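# An overview of the molecular structure
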Protein chains: 4
Amino acid sequence: VKPMSQNWPQWTQVSALLGDLVQTLSERGRAVLSRSREVGDEPHLSLVRMAEALLSRRGEASGVALAELLLDELTRATRDEKLEFLLALARDFGPDLEHVDAALEAYRAEPGLVTLNALHEASEPRRQELFRRLNLARGGTKALVTLREEISRHSKAEPDLACVNDDFGHLFGSWFNRGFLQMRRIDWTTPANVLEKIIQYEAVHAISDWDDLRNRLEPPDRRCYAFFHPQLADVPLIFVEVALTKGIPDNVDELLTLDREPLRADEADTAVFYSISNTQKGLAGVSFGNFLIKQVVEDLKKERGNLKTFVTLSPVPGFASWLAKERTSESSSILSEEDKATLTLLDEPGWETHEDKVSTLHQVLLHAAAGYFLVARRPDGRPLDPVGRFHLGNGARLERLNMLGDRSPKGLKQSHGLMVNYLYALDHIEKNHEAYAERGEVIASGAVQEHLLASDRPQAAALRLSRA
Amino acid sequence: VKPMSQNWPQWTQVSALLGDLVQTLSERGRAVLSRSREVGDEPHLSLVRMAEALLSRRGEASGVALAELLLDELTRATRDEKLEFLLALARDFGPDLEHVDAALEAYRAEPGLVTLNALHEASEPRRQELFRRLNLARGGTKALVTLREEISRHSKAEPDLACVNDDFGHLFGSWFNRGFLQMRRIDWTTPANVLEKIIQYEAVHAISDWDDLRNRLEPPDRRCYAFFHPQLADVPLIFVEVALTKGIPDNVDELLTLDREPLRADEADTAVFYSISNTQKGLAGVSFGNFLIKQVVEDLKKERGNLKTFVTLSPVPGFASWLAKERTSESSSILSEEDKATLTLLDEPGWETHEDKVSTLHQVLLHAAAGYFLVARRPDGRPLDPVGRFHLGNGARLERLNMLGDRSPKGLKQSHGLMVNYLYALDHIEKNHEAYAERGEVIASGAVQEHLLASDRPQAAALRLSRA
Amino acid sequence: VKPMSQNWPQWTQVSALLGDLVQTLSERGRAVLSRSREVGDEPHLSLVRMAEALLSRRGEASGVALAELLLDELTRATRDEKLEFLLALARDFGPDLEHVDAALEAYRAEPGLVTLNALHEASEPRRQELFRRLNLARGGTKALVTLREEISRHSKAEPDLACVNDDFGHLFGSWFNRGFLQMRRIDWTTPANVLEKIIQYEAVHAISDWDDLRNRLEPPDRRCYAFFHPQLADVPLIFVEVALTKGIPDNVDELLTLDREPLRADEADTAVFYSISNTQKGLAGVSFGNFLIKQVVEDLKKERGNLKTFVTLSPVPGFASWLAKERTSESSSILSEEDKATLTLLDEPGWETHEDKVSTLHQVLLHAAAGYFLVARRPDGRPLDPVGRFHLGNGARLERLNMLGDRSPKGLKQSHGLMVNYLYALDHIEKNHEAYAERGEVIASGAVQEHLLASDRPQAAALRLSRA
Amino acid sequence: VKPMSQNWPQWTQVSALLGDLVQTLSERGRAVLSRSREVGDEPHLSLVRMAEALLSRRGEASGVALAELLLDELTRATRDEKLEFLLALARDFGPDLEHVDAALEAYRAEPGLVTLNALHEASEPRRQELFRRLNLARGGTKALVTLREEISRHSKAEPDLACVNDDFGHLFGSWFNRGFLQMRRIDWTTPANVLEKIIQYEAVHAISDWDDLRNRLEPPDRRCYAFFHPQLADVPLIFVEVALTKGIPDNVDELLTLDREPLRADEADTAVFYSISNTQKGLAGVSFGNFLIKQVVEDLKKERGNLKTFVTLSPVPGFASWLAKERTSESSSILSEEDKATLTLLDEPGWETHEDKVSTLHQVLLHAAAGYFLVARRPDGRPLDPVGRFHLGNGARLERLNMLGDRSPKGLKQSHGLMVNYLYALDHIEKNHEAYAERGEVIASGAVQEHLLASDRPQAAALRLSRA
């Protein structure tokens, strides 16, 4: 893969293409609209009636126009009207029950692949076809992603919307298949309307302003990559920020500081993924991160043969709250009473600035962290840490625990400053993933395991450890 | 829509993008391949086992690599091996029957949307997910389209493949949704590798060489448009050739002759669709033509306000064989014995060059043609002519019958030279389509209806005519 | 001209092309370099000797390599070394005097077009050919523009450099001919590395940050256009900022305020050029502004037929200092003693915030301003105001004087807040230009002339006024 | 340099850009035109008067419009009117003689750089500024190149046009400086309107049709490169066709045959330049070939490390006519009487098909050829062969003489089938060029020299040979 920054301009083309691809609003649509409205006995055709029309014969003849019309109306609808429409999708656009009954009857009468297939088709909710027809419109894909985002506002209050949400998820999983995505490098020659989305959606280490942004994009030892879909061409669906370094960094400050001296790209031996962010709530559940990281690893390997190590520098968002509980637990399998006593230092504000307190805490805190990752589990057997579940599920290895890797208020609050590195070693990813996915094993380096065993305790021997 | 030719270069970009989008073959894939083969107890992993691997845990971790591997093998497979693989897809990659039984049981126990949805999911053939995972690979979409094309070679001998074919059709209907297609103008600045596909796939009036091609693309009164998909960027999926004319032409020779004087684009009042061709057998059943014609009509209207009439100049492929039967039928409701006698002139070779014979045949032949379109029907109530079914189904109107519109050997053979015009009047398309789709009515102009009634016959009055 | 924003992506292409056009540094160059250095009896080949080599036989064979080498060295040279090189260009790379003498002799012997042409060629400074050969190198054009910029640092101390400067000017006038420039719209989809140059080079109303920048680019009633040269593809050579308004604005605050409500583009009837900035000192004397403004006028006219008026809202940088002198002049032909008395209000800090003071000053200040533009002159007969000379020289008309059009400290300081509008009426530009260029007439609207005459004074009648 | 074919789409962009760069014809121009014509006392403003207007004050104000107008008129002018205009350019648009006289006077009075520079400026023909102003128009550059092409039709009949031709040459040498050119790969994804120019302008081995063209572009062992100028974006100014081979080929048939098996690109060790063609007569004298070949050598070296040898396979257009004279010369220093006797075989039609005749001729013909290259000279000391002068002047070495390298009728006629290889060894190019340019030496391989010396003759020793 050639240097991707050079391809950026090619990509921005796609953005222009879209304007074309989705075409200008058809005059037909306007005509249909005015006619529909004249015949309507109400102030305006309801969204639901337009949806039915789109699924009808008229939809076959004038699908593009009707779809544009409906999406147009939807854009202008109030929040309440949108909710009403979504509820109607849940209620009235499920499978056609008569068809289902007939198909069931036929399958019972003569079970087989043909009747089963007919049953499968009959049980497809009508809204699936509705969504496909809405996608005929210019900007249809974007509108549908936005519509699903609307569901998330009501998911608790309106459990019936779950089925609509699932149908969207199924559809988007197919439409946003990795095969349809393009990976693009984001750099300082990227159009501003794309860059502002990077600022807006950065979820891990907030970008304060355009200077901060440039500092993450322009230096020769910084990279940023994103996935794009041809139909949402100026929207990075997910992006990852990368630092090229010498050795594996143990804290994020040295990566983000504005006044550092950049490394020449050929001096680096390590690529560090220090931030990965999804941008579209409407695409929740469609997994991009796994593919993005692995693609970047492959491409960087080809572009710079000197890069040997691919790791993350990751936050540990669940550590502090877990530790708080563990410290009060009387039956902790991880913390001894002595450990708990030592950990009270954490309750002293500003402990992180006292060298001696830090020194005292060092061994115990990392021991606790090792326990958090290697021993503690959710009821379903998965690790507690959400970031951990993502990277371990990708087949990465927990490589190192970094005391005070993030001294920001957020970092201290969520994990007492702890950060960790996950290692992406392509040759082991498959095996790691299988061990994790099938047996719930957390693959960790010897160093991490040592932290757990370090304090010589009897129970340590009994821990179910995976030794990679 | 701005002049699309100027956008062509933008489009060719997409082609370049694809090289990027689908990335270079991963070294991982190669590694996986060699490893897989080492452990294999046979000369090579069978395609089926690779497909199972892709659907397994390993597929989650190494989907891209495994998908590329499988498609790579598939490319190298012999025709027999491919058939075997397709049959295995039919046999072994249907729905998981245990899941289906359980879902059926649950639905019986508690019928409702949730259990019905579970039943829908359980009855999805496993190959659907397999296809989605194969699409992770570079060039996956193209490979899948090619694979489906393979089915068409065996469809008669192997009826079991029908279900695989249907699953492909369902998937492609979603992936090649019109919302994902781009319409592009094809002209003389189009890359040669795209243009040669126009020559190759022209299905109506063959293009003899590059001069003939240029003659259809370069003059100011000629247009050609095609739909493209981002993932098959140098392949026009369907294309339509258009002539801008003064008035509605009644024969194709004047359109295609090389030595005509081109019209200035602003002198034209009519756009004539004289050829429309699909290119991908693997996309059979995914309908593009309807959308393409209507999009071209909308765009041309915007680009050139002087264009008022949008018609086709179409062949009538089923006319001659129908007429042969009708002439021998003793109970023809359309041909009188006198008509039959007149029509024997058609059996005299070279009749089309004798002015008097042509003159004698004129009224009778057009009367027969009107009957062919307006009266004759297939058992399902649809018109006999396949081209007619396409345009009438789109909501076009049968506008005019043209005696000797095509004097080529092919034209004389299939329709005694008859050509017809279908009119695309956007304001009536919806109504026409409904009349056709719901009541089987053939919408025809008064002039065409006159041909039917012209010979004063009692039965004429009884004909079920649709008067637009 | 179609909406230019859509073309931006096309333009960014050019940037990528350049990487190609100027190619990667030749290995040959490196080889030549090392060889040249080996044979050198000094630490390094002097720039001058390399320049001589480039003009020699070796330059014919290895021009590209030698040119890259020289420019490479020049980049690394200290400021003193650069100056030395420039002085050598002045001293040693003028015309070949022997050739000149011979050509003079020949012309005297036989005066005629042939000998005169030979004389013209012989008198060309050798550095002209040197510059052309340096342009063979990748990035040569940019390097030469930068080199000329260096001259401006020394122009006073080293008058000998004037001839080098002139030769550059002559060359750049040809290379940066308007026919080789592309006008591009700058908007919010423009690459960030171009946008930051807009922030950097805005010379009239400073852009405080990226939000301010967006405020000038993104709203539907704002435009920005720039000229680019294919060889400096990411550098806007000159750019103009435009506001679309209803009516002619009389102050700049309402244009620049961040919290205004944007106008819909189709509601505007006026396009206001409120800032125009050159970016390259090295291109001083190559005039772009005239062409840029007229091109924007033509394009906006085509794009938006509702735009009828094209004006500037311009500063008056020389007014305050002129007025200061005029107020102390005993023989002012413009200010009466009464006027001078009134104008002492200007010496009271904050006068602009007192409605009554402003009201008192109004007539007198605008009278003075009219005199500044219409009566006062430089020794060469041109108006005193530099901005005025630019627009009047372009054929624009002085349309309106705006009291307190710019209340910023800078505005108050340079012109007591005065701003003016120059009107670009394409139909009168030629005539206006001729009147200005040949007879020194300042074309002004009746309203402006009224300000001059308003105070009924005898001398007014005698003023040399141009009545457009 | 990355594979250039991928960049092609980027390039075609430039073509689209041009449409923009040169903008749509200004309405102003039309207005000016109609006004100019109204005031004209003749049917239309003469081209000359428009040229004067463009150089006047009006040209300053309305340069773009006037330039477009003039070029518009010029397009419509008859051949005679064009000639008249060119003659007027020669006659009336030379230097301003009054200015020249004054400048001469000043220089005599005070000789120095300043007065000399003034003299240089005064002696510039006025048409140079006229050409620069004409370039303001859309498509100006192309129109000027076309205008110069017109001169070549009259160069013999109208010697006065020589000075106009020279001025164009001077200007184009600056505007088409290699630094402004882009090298692009031409392949099968190139737009058809560019490809047809390759067919049209191929000057060495004619391309018979599009299949022949594809055969030279599409196989993996074939390349074609061209230089383009941003202002003539769809016109390849010069192009070179390259074959990648194993070893140096000795005949052109094996390169051009349609039924050969292509080599995989990584199997080749040699790049053969077998055809190089200029396309624009209007750019005669502006040398591109030298730069193009060297750039291709550099790029191919980088792209394919396995390529070690870069040679041409070249015709010898002057050989047969020289040999005919030499055979009748009584004082030939190259041919002995025995040689002459042997060479009578050449007079027997079809000799090239008789193995024994070919065998007999072999040594003598190659001896003669060596003499043609190494000994024979034009009065100015340069070699006789025009192709040889080009490559030797570029610093290439005459590497090998190939008996019957081109058996086509043209090949047999011009050189008895002889072809030669010139070797481009970058490390020796500079030295070779110097030897050739300064001392007239023809650098040839030992093998070629052997051919000269082979027939043991006394005079051989005295030959002025250059031994590389």
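As a starting point, this report considers the structure included with it. Just so it is clear, the structure is predicted and the values come from calculations on it, not from any experiment.

## Overview of the overall build of chain A
- Scanning chain A from N- to C-terminus turns up 21 helices and 10 strands.
- Here the analysis covers contacts within chain A between residues at least 6 apart in sequence; of these, 72% occur between residues at least 24 apart.
- Of the roughly 18600 Å² of accessible surface on chain A, 50% is carried by carbon and sulfur atoms.

## Details of the side chain of N290(B)
- Relative to the assigned elements, N290(B) resides in helix α14 (residues 289-303).
- What makes N290(B) buried here is its relative accessible area of 14%.
- Side-chain polar atoms of N290(B) contact the side chain of K294(B), separated by 2.8 Å.
- N290(B) has contacts with E60(A), F390(B) and N394(B), leaving out every residue within four places of it along the chain.

## Side note on the pattern of salt bridges
- For the structure shown, the criterion picks out 120 salt bridges over all chains.
- With a shortest N-O distance of 3.4 Å, R153(B) and E150(B) are connected by a salt bridge. Of this pair, R153(B) and E150(B) both sit in helix α9 (residues 140-154), three residues apart, which is roughly one turn of that helix.
- Notably, a salt bridge pairs D266(B) with R264(B), separated by 3.2 Å at the nearest N-O pair.
- A single salt-bridge network, built from bridges that share partners, covers E124(A), E129(A), R132(A) and R133(A).

## Structural notes on the packing of aromatic side chains
- Scanning the model with the defined rule gives 50 aromatic pairs over all chains in all.
- Arranged with centres 5.8 Å apart and planes meeting at 85°, the rings of F172(A) and F176(A) form a pair that is edge-to-face. In this pair, the class of F172(A) matches that of F176(A), namely buried.
- Centroid distance F131(C) to F168(C): 4.1 Å. Interplanar angle 10°. Geometry classified as stacked. Placement of the pair is F131(C) in helix α8 (residues 126-134) and F168(C) in helix α10 (residues 161-175), with a sequence separation of 37 residues. Accessibility classification places F131(C) together with F168(C) in one group, the buried group.
- One aromatic cluster in this structure is built from F131(A), F168(A), F172(A), W175(A), F176(A) and F180(B).
- A cation sits over an aromatic face here: R382(A) above Y436(A), 4.8 Å from the ring centre.

## Focus on the environment of K82(D)
Residue and element names in this part refer to chain D.
- Mapping K82 onto the fold places it in helix α5 (residues 79-92).
- A sequence separation of 301 residues divides K82 from P383, and the C-alpha atoms of the two residues are 38 Å apart.
- Setting aside its immediate chain neighbours within four residues, K82 contacts L74, A77 and E150.

## Describing the environment of N177(A)
All names here are of chain A.
- Mapped onto the elements, N177 comes out in the loop between α10 (161-175) and β1 (182-185).
- Relative accessible area serves as the criterion here: at 5%, N177 is assigned to the buried category.
- Along the sequence, N177 and S287 sit 110 residues apart, while their C-alpha atoms lie 9.1 Å from each other.
- Engagement of the side chain of N177 in a polar contact is seen with the backbone nitrogen of G179, the distance being 2.7 Å.

## Examining the packing of helix α11 (residues 192-201) of chain D against helix α12 (residues 210-217) of chain D
Residue and element names in this part refer to chain D.
- Their axes nearest at 11 Å, the elements α11 and α12 cross at an angle of 95°. Between α11 and α12, the interaxial angle falls into the category roughly perpendicular. Residues A192, L195, E196, I198 and I199 of α11 pack against W210, L213 and L217 of α12.
- The class makeup of the residues in the contact of α11 with α12 is seven nonpolar, no polar and one charged.

Thresholds applied
- Residues numbered from 1 in each chain as written.
- Chains lettered and ligands numbered in written order.
- Predicted model: local features only at pLDDT ≥ 70, side-chain atom pairs only at ≥ 80, totals over all residues.
- Heavy atoms only, no water.
- Helix = DSSP H or I, 4+ residues; strand = E, 2+ residues; numbered from the N terminus.
- Contact = heavy atoms within 4.5 Å.
- Areas by Shrake-Rupley, 256 points an atom, 1.4 Å probe, with all protein chains shown as cover.
- Buried < 20%, exposed > 50% of the residue type's maximum accessible area, 1.4 Å probe, protein only.
- Polar contact = N/O pair within 3.5 Å; in protein donor to acceptor, adjacent residues only side chain to side chain.
- Salt bridge = Lys/Arg side-chain N within 4 Å of Asp/Glu carboxyl O.
- Phe/Tyr/Trp six-rings, centres within 6.5 Å; stacked < 30°, edge-to-face > 60°.
- Lys NZ or Arg CZ within 6 Å of the ring centre and 35° of its normal.
- Axes fitted to C-alpha atoms, helices over the stretch in contact; angles between N-to-C directions.
- Parallel < 35°, antiparallel > 145°, perpendicular 65-115°, else oblique.
- Nonpolar A, V, L, I, M, F, W, Y, C, P; charged D, E, K, R; others polar.

So far we have only geometry, and geometry alone does not tell us how the molecule works.
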